[in-house]
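Here is what each chain is made of, one letter per residue.
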Amino acid sequence: MEKILEVKDLCKTYIVNKRQNNVLRNVSFHINRGEMVAVMGPSGSGKSTLLYTVSGMDKMTAGDVSFCGRELAKQSENELAKMRLDDMGFIFQQMYMMKNLSVLDNIILPAVKSKKSSESRSQTAQRARELMKKLGIEEIADNDINEVSGGQLQRACIARSMINSPDMIFADEPTGALNRTSSEEVMEQLVGLNEEGTTIMCVTHDSKVAAKCTRVLFIDDGNIKGEFSLDRSTPLRERERNLNNWLMEMGW
Amino acid sequence: MYLSILKKDLKRKKTMNCILLLFVILSAMFAASSINNIVAVLTGRDSYFDKAGVKDYFIISRGEKLGEDGELYSILKNSSVVTDVAREECLYVTDSNIRYPDGSKVCEYTNASDINSIDRVALNYFDKDNNVIKSIEKGKIYTNVGFFKEANLSEGDRINVEMDGTVLELEVAGSFKDAPLGSDMMGVKRFLINDDDYKTLLANEKITSNSIGYLYYADTTDIQELEKELADVDGIYFKGDKDLLKTTYFMDLAVAAMILVLSIFLVVISFVVLRFTIGFTIAEEFREIGVMKAIGIKNISIRALYLVKYFGISLIGALIGFVLSKPFGDMLISSVSSNMVLENESRTLMSFICSMAVVVIIMLFGWRCTGKIKKLSPIDAVRNGQTGERFRKRSIMSLSKSRLGTAPFLAANDILSSPRRYSIITIIFTLCMLLVMILSTTSNSMNSAEMVTLLSVKPSDAYVAYSSAQFDILNGRKTEQEAEDEIIQKLKENGMIGDVRIELMALINASLGDRQKKITFQYCSKTNASDYEYTEGSAPQNRYEIALTEPAAKSIGAKIGDKVTLDIGGQREEYLVTALYDSFTQGGECGRLHQDVEIPSQQYAGAYSFQIDFDDDPDEEELNRRIDKLADIFECKAFDSVGFLNDCTGVADTLKDVKNLILIISVIVIIMISVLMERSFISKETGEIALQKAIGIPSWTIILTHTLRFIIVSILSAILAAALSIPFTRISMTPIYQGVFGIKNVPYVMNIAEIFIIIPLAVILATVAGAFFTALYTKTIKAQDTANIE
């Protein structure tokens, strides 16, 4: 299996009020192409920091992170931006979007900026509409972002993360701000995308969400304490139960 | 608890609070200095004359003996209509008496000039800082502002006073402001020295017998009666009442009025900015207001919290603005008050009141803006300030349909999506540009040949200030025909064929009913009255018809069709008023006689330069060559139309200085506004900036978007300002011309390059610089900040 993301001895330290806070301590793991990996752990364990550091949004203090064979530490700010634009997709807990743009324009913005494809804007818009149709939000394309529900908005965020056909999507608690129904809908979409071949790294504290992934990494006190593989052919309830048992074993 | 919320607010929202504080400082500074300057300008001339101690009537005499009470002084001391009299002894000098140590003339001039001892003056004379000069060190000399500027002197320069073999080696101590004779229009050169140095000159008998003169100042209860008493006195070189002296400052006053316009603009700009900033900061608070409401805090308590904050910020800002208003106001007014003492007596009190008024206005703005708190509901805490009922369409443009690049699209879309926010910036930029454009057009107009007609002369190819010939006409030694023929002859001898004429001015007693007034009438024997421009009626057709300016007509209550009695050469005859016209001459209060009228030279009160029209219609290059040659031939100043206008009005350079100063101030204001606005936008848009970075939009695109928003706004402002510049120039400047000169129809001439290129470019560059360097701050916002957005 091809390793799309490889992390070795990753350290991240914040200095707050002259005090050193080691958020990540010698974290090592990898994610293979086509995997959907959940990162779980208690609050303050370093889940989000890990996601932002391995995606190049935040600078690492030490260690090596390699994405699609490119070492993040060696990339300039512009190269990292280009990588995030063309090869990565992001979904956040809050449905962040540009307030002055319609939902459709928010989705196509990365594609318009990217030079990855030579398609016209109308073709991009058409592709975005197809993506939206697939995610079940076609009808909100021309709406303002404050005219749609949270679940619809998060699916629009998924569409935005998908618009440049990235190698990998990073999702930070994608269902954290949604109700159960919306959460399930969003997760269905993410699982669907993964089944179509998109690699996903998803930070969550919800075992129901994690149970839909193919592998779970448990992080605590800035270090990966263990990992748990899940077989999607097993019924979801059984996967959830097995995962919860494992998490209890891990002390959570 | 309030105190701790307040403390947290001040700490956490440091940026926005600092921006608000800076705007309050700007507003208080603009308001306090502007109101002071407005008062200083409006009361300026009268207050200056009062401070100087100028009395009701002024006489310059010549030929009296040193120390003796001659006939003139006796009349003044004994007159029943004179309540107080003072006199200043002086020595008359010419430009040949004032030389550099190497023997060259310090400055060539033809006007009268005199040297005074500081211990023998009767009036107050002021240094450049408006302090009364009370003593002068031995060996030092002060020159009046006119001489100082014309000779391009600096403090510390050494000059000699050389009179009849006596030489005083003196060091220039500075320039002084001289109320009765110091206007550019008077053109008199004056010098103040130490009494010991003055006595050195008096020790020379030749000087005391040839150069002694006196200046008399008298307070009177009846000017006309006094004039009658003085009618037959010999040796009076010049006499006039205080009002006549004041009219010589009309151009200085017109320029000062421009500072008044600037001040009004600055006050408007500062309050527009303040209103925007307060509205903007309140809008920022919706989330917290929502949370406070959600936990049950009452509206009034929430409102009080913000009002206390605004009161604190505005009080600190207003106090700092109050302190800064003095140097800022001085800088503004100094550019127009080099000849005058323009000061507001109760400046400190007024500045303080203005600064406190800014606090009150801010509190009123704050009260009005916090009124929105009532409308905000707890749901705003969770729904970004938009409740379901009040959704508003924000996306105006469509990225999928637009052909614009990402940055231009985002910039244009932001502007269209927040029309109120950007309209206010557009208004501010437009006002700043308009201000400079108005002054550019005014300055350019005062430098254009078109304006010459407002001196009520028929334009010519060249103008020669041949003062000796002018004096010969005024003193009756030659007729104007003789003087003109002499010049024509000289021109012929130097290979230039042309006609010469002179516009003479005669002081004529005009009366209508029981109203009478001495009015200066212009007259030229070689032109037709119909050659001049009139605003109403038709040109005088025969010797019994006259035209008047509106202020002159008003002064005797005349209108077109009235018959006015004029006293010409002792003959009182009726003249029909056939037309009204506009003129700068004599502060706009003058008239025109028909060319067939004969005026005795005793009534001549002045003359413009000799005007020359060449027969061969030379091109511009040849004309300039000839003008230079004329200056050499007649050993005097020679001008083209624009030069002649500048020489007569004396304000072109000051106007240019004022325009440049205002351009600099506007550019600084625009940079500050761009910086502060952009910084506040960044503060509000941190989340979106972080999001753009997170999804891979490069930093330079974000910086470009932010800078482009200001560029678009400044271009829009430039277009608006250019389109509005002529109507606004008319609206703002015509009342000044009308108020000072009674002129209604001013031929404004736009400087196309300045209005359409230089000023807009300066403003756009200032905006780009301000916005760009501030937008660089977005670099400090990182993609991971997306996780920290509230």
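Bear in mind the structure is a predicted one, so any value in this text is a computation, not a measurement. (Residues numbered from 1 in each chain as written. Chains lettered and ligands numbered in written order. Predicted model: local features only at pLDDT ≥ 70, side-chain atom pairs only at ≥ 80, totals over all residues.)

1. Quick word on the overall build of chain B
Logical step 1: Scanning chain B from N- to C-terminus turns up 23 helices and 20 strands.
Logical step 2: With the principal axes as the frame, chain B shows a C-alpha extent of 95 × 60 × 60 Å.
Logical step 3: Counting only residues that meet the buried cut, chain B has 49% of its 790 residues in that class.
Logical step 4: Counted over contacts in chain B with a minimum sequence separation of 6, partners at least 24 positions apart contribute 84%. (Helix = DSSP H or I, 4+ residues; strand = E, 2+ residues; numbered from the N terminus. Buried ≥ 20, exposed ≤ 12 C-beta atoms within 10 Å, placed from the backbone. Contact = placed C-beta atoms within 7 Å.)

2. Examining the sheet that holds strand β4 (residues 62–67) of chain A
All names here are of chain A.
Logical step 1: Across the sheet, four strands lie side by side as β2-β1-β4-β5; this open sheet has antiparallel pairing. Looking at which strands have only one partner, the edges of the open sheet turn out to be β2 (19–32) and β5 (70–71).
Logical step 2: As defined by bridge partners, β4 adjoins β5 across two bridges and the pair is classed as antiparallel. In the sheet register, Ser66 faces β5, and the bridge partner there is Glu71. (Pairing = 2+ DSSP bridges.)

3. Looking at helix α5 (residues 195–202) of chain B
For an α-helix, the turn length of 3.6 residues means that residues three or four places apart are oriented alike.
Residue and element names in this part refer to chain B.
Logical step 1: Those residues of α5 that fall on the buried side of the exposure criterion are Asp197, Tyr198 and Leu201. What you see down the axis of α5 is that its buried residues fit within an arc of 100°, all on one side.
Logical step 2: In this fold, the buried residues of α5 make contact with β2 (82–93), β4 (113–117), β6 (158–163), β7 (166–176), β8 (189–193) and α6 (205–210). (Arc of directions from axis to C-beta.)

4. Some remarks on the domain arrangement of chain A
Residue and element names in this part refer to chain A.
Logical step 1: If you check the domain split of chain A, you get domain 1 (1–87 + 168–252) and domain 2 (97–165).
Logical step 2: The interface of domain 1 with domain 2 comprises 12 residues on the first partner and 13 residues on the second.
Logical step 3: Contributions of two or more residues to the side of domain 1 that touches domain 2 are made by α2 (77–86) and α6 (180–195).
Logical step 4: It is α6 that provides the largest number of residues to the side of domain 1 that touches domain 2, a total of six residues. (Domains from an automatic or database assignment.)

5. Let's talk about the sheet that holds β4(B)
All names here are of chain B.
Logical step 1: Reading across from one edge, β3-β6-β7-β5-β8-β4-β2-β9-β1-β10 is the order of the 10 strands in this open sheet, with mixed pairing throughout. Both edges of this open sheet fall to β3 (98–99) and β10 (236–241), since each of them pairs with a single strand only.
Logical step 2: Bridging between β2 and strand β9 (residues 212–220) involves nine bridges; their strand directions are antiparallel. Bridge pairing links Val82 to Thr220 in β9.
Logical step 3: Where helix α3 (residues 71–78) meets the sheet, its contacts fall on β1 (57–62), β2, β9 and β10, and the angle it forms with β2 comes to roughly 160°. (Axes fitted to C-alpha atoms, helices over the stretch in contact; angles between N-to-C directions.)

6. Points about the pairing of strand β19 (residues 604–614) of chain B
Residues and elements named next belong to chain B.
Logical step 1: With three bridges joining them, strand β11 (residues 462–464) and β19 adopt antiparallel strand pairing. Counterpart to Tyr463 in the pairing with β19 is Gln611.
Logical step 2: In this sheet, β19 lies alongside strand β12 (residues 498–512) in antiparallel orientation, the contact comprising eight bridges. The residue bridging Arg501 from the neighbouring strand is Gln611, located in β19.

7. A look at the domain arrangement of chain B
Often the size quoted for an interface is simply the accessible area lost on bringing the parts together.
Logical step 1: Along its sequence, chain B is organised into domain 1 (1–58 + 251–392), domain 2 (88–214), domain 3 (401–446 + 651–790) and domain 4 (453–647).
Logical step 2: Summarising the inter-unit geometry, the C-alpha centres of domain 1 of chain B and domain 4 of chain B are found 52 Å apart.

8. So, the interface of chain B and chain A
Logical step 1: Facing the 29 residues of chain B at the interface are 35 residues of chain A.
Logical step 2: Looking at the side of chain B that touches chain A, the elements with two or more residues in it are α13 (406–417), α21 (686–694) and α22 (699–741) of chain B.
Logical step 3: Examining the composition of the side of chain B that touches chain A, we find that five residues originate from one element, α21(B), more than from any other.
Logical step 4: Here the side of chain B that touches chain A is composed, by residue class, of 10 nonpolar, 14 polar and five charged. (Nonpolar A, V, L, I, M, F, W, Y, C, P; charged D, E, K, R; others polar.)

9. Considering the pairing of β9(B)
A regular strand places its side chains so that they alternate between the two faces of the sheet.
Residues and elements named next belong to chain B.
Logical step 1: Within β9, seven of the nine residues are buried, leaving the element largely enclosed by the surrounding structure.
Logical step 2: As judged from the six bridges shared by β1 and β9, these two strands associate in the antiparallel manner. Among the inter-strand pairings, Tyr57 is bridged to a residue of β9, identified as Ala218.

10. Looking at the environment of Ala411(B)
Residue and element names in this part refer to chain B.
Logical step 1: You can see Ala411 is positioned in helix α13.
Logical step 2: Assessed through the 22 C-beta atoms surrounding it within 10 Å, Ala411 is described here as buried.
Logical step 3: In this structure, the C-alpha to C-alpha distance between Ala411 and Ile712, residues 301 residues apart in sequence, is 8.2 Å.
Logical step 4: In this view, Ala411 contacts Thr705, Leu708, Arg709 and Ile712; residues no more than four positions away in its chain are not counted.

11. Comments concerning unusual backbone geometry
Residue and element names in this part refer to chain B.
Logical step 1: A positive phi angle, near 55°, is found at Ser456, a position not held by glycine.
Logical step 2: Mapped onto the fold, Ser456 is located in the loop between α14 (419–445) and β11.
Logical step 3: The residue Asp617 is not glycine, and still its phi comes out positive at about 50°.
Logical step 4: Here Asp617 shows up in the loop between β19 and α18 (620–634).

12. Remarks on the packing of α14(B) against helix α20 (residues 652–684) of chain B
Residues and elements named next belong to chain B.
Logical step 1: Interaxial distance between α14 and α20 falls to 9 Å at its minimum, and their mutual angle equals 170°. Put simply, α14 runs roughly antiparallel to α20. From α14, Ile425, Ile428, Phe429, Cys432, Leu435, Val436, Leu439, Ser440, Thr442 and Ser443 reach across to α20, where they touch Leu655, Lys656, Val658, Lys659, Ile662, Leu663, Ser666, Val669, Ile670, Ile673 and Met677.
Logical step 2: Partitioned by chemical class, the residues of the contact of α14 with α20 number 15 nonpolar, four polar and two charged. (Parallel < 35°, antiparallel > 145°, perpendicular 65-115°, else oblique.)

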